[in-house]
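Take a look at the letters that make up each chain.
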Amino acid sequence: MQKYECIVCSYVYDPAIGDPDNGIEPGTAWEDLPEDWLCPDCGVGKDQFEAID
């Protein structure tokens, strides 16, 4: 699955890990994250993330 990096703080969302501290289970694809999900490190929205290799 595709990883996404926050362009503000460089946090990487890895679908294999999810965001368990915020209720996002491992295996949750980027497309399946809630639209109101925020970067757990700096608080910006999904629109501030870019796909990475």
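The structure displayed is predicted, hence computed values, not measured ones. (Residues numbered from 1 in each chain as written. Predicted model: local features only at pLDDT ≥ 70, side-chain atom pairs only at ≥ 80, totals over all residues. Heavy atoms only, no water.)

A. Geometry of the sheet that holds strand β2 (residues 12-13). As summarised here, the arrangement of the three strands in space is β2-β1-β3, forming an open sheet in which the pairing is antiparallel. With one partner strand each, in any of the chains shown, β2 and β3 (49-52) form the two edges of the open sheet. As paired elements, strand β1 (residues 3-6) and β2 share two bridges and run antiparallel to each other. Among the inter-strand pairings, Tyr4 is bridged to a residue of β2, identified as Tyr13. (Pairing = 2+ DSSP bridges. Helix = DSSP H or I, 4+ residues; strand = E, 2+ residues; numbered from the N terminus.)

B. Region of the structure containing the pattern of salt bridges. Under the defined criterion, the tally for this structure stands at two salt bridges. Lys3 is the salt-bridge partner of Asp14, the closest N and O atoms lying 3.8 Å from each other. Of this pair, Asp14 sits in the loop between β2 and β3 while Lys3 sits in strand β1; the two residues are 11 residues apart in sequence, bridging distant segments of the chain. We classify Asp14 as buried; its relative accessible area is 17%. Its relative accessible area of 34% is what places Lys3 among the partly exposed residues. Across the salt bridge formed by Glu35 and Lys46, the nearest N and O atoms sit 3.5 Å from each other. Of this pair, Glu35 sits in the loop between β2 and β3 while Lys46 sits in the loop between β2 and β3, and the two are 11 residues apart along the sequence. (Salt bridge = Lys/Arg side-chain N within 4 Å of Asp/Glu carboxyl O. Buried < 20%, exposed > 50% of the residue type's maximum accessible area, 1.4 Å probe, protein only.)

C. Seen up close, the packing of aromatic side chains. Inspection of the entire model under this criterion finds seven aromatic pairs. Pairing Trp30 with Phe49 gives two aromatic rings, centres 5.0 Å apart and planes at 45°, and the pair type is tilted. Here Trp30 is found in the loop between β2 and β3, whereas its partner Phe49 is found in strand β3, with 19 residues between them in sequence. Judged on exposure class, the residue Trp30 and its partner Phe49 are both buried. Between Trp37 and Phe49, the aromatic rings sit 5.5 Å apart at their centres with planes inclined by 55°, giving tilted as the arrangement. (Phe/Tyr/Trp six-rings, centres within 6.5 Å; stacked < 30°, edge-to-face > 60°.)

Treat this as a map of the structure, not an account of what it does.
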